[in-house]
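Take a look at the letters that make up each chain.
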Amino acid sequence: MKSSEWRTINAMTDLITTLRGRGFLQDLTPGAEARLAAGPATGYVGFDPTADSLHVGNLVPIMGLAWLQRLGGTPIVLIGGGTGMVGDPGGKRTERPILPVETIDANVRAIEGQLRRFVAFDGPTAARVRNNADWLRPLALMDFLRDVGKHFTVNYMLQKESVKARMESGISFTEFSYMLTQAYDYWHLYHADGCELQMGGSDQWGNITAGIELIARRDGVQVHGVVFPLLTAASGAKFGKSEGGNVWLDPARTSPYEFHQFWLNTDDRDAERFLRLFTFLPLERIADAVRAQAADPAGRLAQRLLAREVTALVHGEEEAARAEGAAKSIFGGGEAADADYAALAATMPSCAIASSELDGLPLVDALMRAGLASSKGEARRGIEGRGYSINGVVETDVNRRLAPGDLRQGRYVLLRKGKKNHVMVEVGQHE
RNA sequence: GGUGGGGUGACCGAGUGGCUAAUGGUAGCAGACUGUAAAUCUGCCGGGCUCUGCCCUACGUAGGUUCGAAUCCUACCCCCACCA
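How each quantity is defined
- Residues numbered from 1 in each chain as written.
- Chains lettered and ligands numbered in written order.
- Predicted model: local features only at pLDDT ≥ 70, side-chain atom pairs only at ≥ 80, totals over all residues.
- Heavy atoms only, no water.
- Pairing = 2+ DSSP bridges.
- Helix = DSSP H or I, 4+ residues; strand = E, 2+ residues; numbered from the N terminus.
- Contact = heavy atoms within 4.5 Å.
- Axes fitted to C-alpha atoms, helices over the stretch in contact; angles between N-to-C directions.
- Parallel < 35°, antiparallel > 145°, perpendicular 65-115°, else oblique.
- Left-handed = near helix turned anticlockwise from the far one by under 90°.
- Buried < 20%, exposed > 50% of the residue type's maximum accessible area, 1.4 Å probe, protein only.
- Right-handed = clockwise from strand over helix to strand, strands pointing away.
- Near = heavy atom within 4 Å.
- Polar contact = N/O pair within 3.5 Å; in protein donor to acceptor, adjacent residues only side chain to side chain.

## Thoughts on the sheet that holds strand 5 (residues 197–201)
Overall, mixed pairing links the 6 strands, which are arranged 1-6-5-2-3-4 in an open sheet. Looking at the sheet topology across the chains shown, the edges are occupied by strand 1 (27–28) and strand 4 (128–131). Relative to strand 2 (residues 42–47), helix 3 (residues 59–70) is tilted by about 160°, and along the sheet it contacts strand 2, strand 3 (74–79), strand 5 and strand 6 (224–228). In the packing of helix 11 (residues 205–219) onto the sheet, the strands contacted are strand 1, strand 5 and strand 6, and the crossing angle to strand 6 comes to about 175°.

## Structural notes on the packing of helix 16 (residues 317–331) against helix 17 (residues 340–347)
Viewed as axis vectors pointing N to C, helix 16 and helix 17 meet at an angle of 130°, and their least axial separation amounts to 9 Å. Taken together, the axes of helix 16 and helix 17 are oblique relative to one another. Handedness of the crossing formed by helix 16 with helix 17: left-handed. From helix 16, E319, R322, A323, A326, S329 and I330 reach across to helix 17, where they touch D340, A343, L344, A346 and T347.

## Observations regarding unusual backbone geometry
The phi angle at R300 is positive, at roughly 45°, despite the residue not being glycine. Inspection of the secondary structure assignment puts R300 in the loop between helix 14 (283–295) and helix 15 (301–315). Positive phi values are uncommon outside glycine, yet N391 reaches one of about 50°. As for its position among the elements, N391 is in the loop between strand 10 (388–390) and strand 11 (393–394). A relative accessible area of 3% places N391 in the buried class.

## Some points on the pairing of strand 3
Strand 3 sits mainly inside the fold: 6 of its 6 residues count as buried. Across the two faces of strand 3 the burial is the same, with T74, I76 and L78 and P75, V77 and I79 all buried. Judged from the 6 bridges that link them, strand 2 and strand 3 form a sheet pairing that is parallel. The residue bridging V45 from the neighbouring strand is V77, located in strand 3. In this fold, strand 2 hands off to helix 3, which returns the chain to strand 3; that crossover is right-handed.

## Examining the protein's contact with RNA strand B
By nearness alone, 29 residues border RNA strand B, and Q261, N265, D268, R380 and K419 come closest of all. Taking all atoms of RNA strand B within 4 Å of the protein, the share assigned to sugar and phosphate is 63%. Between G377 and RNA strand B, the recorded distance is 3.2 Å, taken from a backbone N or O atom to a phosphate oxygen. Contacts to RNA strand B include K420, whose side-chain N or O atom sits 2.9 Å from a phosphate oxygen.

Printed below as a string of structure tokens:
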């Protein structure tokens, strides 16, 4: 993000205006707008520590927090190290597995690191990280029942969509109680950090309002909530999936190249919406890009801009440029020039193979190693269906074996599945 | 606790003794067409192999009947509905 594009506006009233203008506002509690117009607030968003990395599906709330800070507020990142042990019934059709405590703790640390790319941890509105394990795990059951449970009727809880949706398939008492633990989080952050705003996906509405309810009852204070729309791609597919897997922020899970490709492949119908949600670009700049896109759809300028910006935001300018260069080299037509191979290897998914193994390695095995096939049978069928290529040349021989002659730059072989999935096989110097 | 219904591949959902690795739909993957888009059409879609074929695993779990079982029997586990 270029510094010229950062806009620092102090009036907090702009938060709602900005969020609304960019499509973040699904719903907000009565009074939220007036409160935010009155001055900067401290607000929080919770993240589940169910994996050791956040994924693009988490980006909307992350951007929400970032805007909060840019417009004068203090962001709190709440990591659910305690609630992660319970599991939110919202959006889930079935009971969630409960993760071991050690796993959750490790995930908490990883996620915290990733969020540092989006919010500043210094300055007068420095972001704070809180882990609800700190107050939820020591919490005694009797205290919880008295201090939190007493303020809610089961009738109220049954009204919540997240619970209603599970009345058919069943819901455990543990997950039923989830909203109370989240309500308690809000109450705790209100007291410990003066937090007056909670943001989250629209599936969090019930949990957020439960927290507001708790604070109103115990303290007679009105706090606020804002929820973001849940994203679906125009095609109806789940947002944030690619090749059947999540698109992660962790470069070790999703390479910068793949990350860039994910955004580049955005449906035309989603491009504008995504530019507003996932970049800090001024709305006028986005409108320009959309106009250019309409004039020349094949140029896909909006997607290019989106991919460039989001990749830079998550992985840095350098990685974004590298991913863009790799895309150009691979999709520019023809086989990539020899000299490009080393550069491609730096940003694309890759897999290492010992030099002693390469000669004579069956292609089907190489494809498995590269993760481009989940079984040899699948690899064989794919080859027969003209779905795989080596260094840009379609391979149709099921019994094909790799040979030193396949190496480019002495150590690279580019395997491709379909049009878009590439893995750079890199031969190790040793062994 | 009682009565009834049910547990099939990623999901939904057929299938009531051999022709069933199991109909159909969705999702996914690949091919064609394109703009690395959408829509459409085509193929694939449990795993392995010495691959016009062969072998293994699979229809909640464990046994049993049978030449042969997802299909029949027994026990157990789990889910749902109604009643208590």
